[in-house]
Amino acid sequence: DIIANIILTGNGYVEILNTDKAVKLVGVEIEPIKLADLKPALKNEASDGIYLVGYDLAPGTYKVEVTDTTTNMGYVERSKSVAMGINDIIANEIQKGPGYVKIVKGDFAVRLQGVKITLQK
């Protein structure tokens, strides 16, 4: 009965819901945070991980470059939560070459795998 399941390289966030019965995390450290206590530390570039919009990344248009030289593919996902459920995905794309992603104010988080994004000015 898996509710959510991802493989993540890099740092990130996960929301553990009150309705979750058990959570298994392998090879990571986890610490609770309160969103209200987070201070924005906006980056112009990001790679593998999960980033919160408005805290880690600003809304805007980002250039996407594939960094995974084994598969020559990467993954970009815009989501409305970090609970990792399929219904949390706003939009996602498997990148096979350079491209762009527009992160909007209504996005909650961005998940990156095998790519680097750079804010375009």
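Our structure is the block above this text.
Computed from a predicted structure; not experimentally measured. (Residues numbered from 1 in each chain as written. Predicted model: local features only at pLDDT ≥ 70, side-chain atom pairs only at ≥ 80, totals over all residues. Heavy atoms only, no water.)

Details of the overall build of the chain
Thinking step 1. A tally of regular secondary structure across the chain gives zero helices and eight strands.
Thinking step 2. A compact globule built from 121 residues would reach a C-alpha radius of gyration of about 14 Å, and the chain, at 14 Å, matches this within 12%.
Thinking step 3. Taken along its principal axes, the extent of the C-alpha atoms in the chain is 40 × 35 × 25 Å.
Thinking step 4. Here the chain holds 121 residues, and 31% of them are scored as buried.
Thinking step 5. Contacts in the chain between residues far apart in sequence, at least 24 positions, make up 70% of those at least 6 positions apart. (Helix = DSSP H or I, 4+ residues; strand = E, 2+ residues; numbered from the N terminus. Rg over C-alpha atoms; globule rule 2.2 N^0.38 Å. Buried < 20%, exposed > 50% of the residue type's maximum accessible area, 1.4 Å probe, protein only. Contact = heavy atoms within 4.5 Å.)

Considering the sheet that holds strand 6 (residues 99–103)
Thinking step 1. An order of 1-8-3-6 is seen for the four strands of this open sheet, with the pairing classed as antiparallel. Edge strands, defined here as strands with exactly one partner in the open sheet, are strand 1 (45–46) and strand 6.
Thinking step 2. In terms of strand pairing, strand 3 (residues 60–66) meets strand 8 (residues 115–119) through five bridges, oriented antiparallel. Pairing of Val 66 across the sheet is with Val 115, part of strand 8. (Pairing = 2+ DSSP bridges.)

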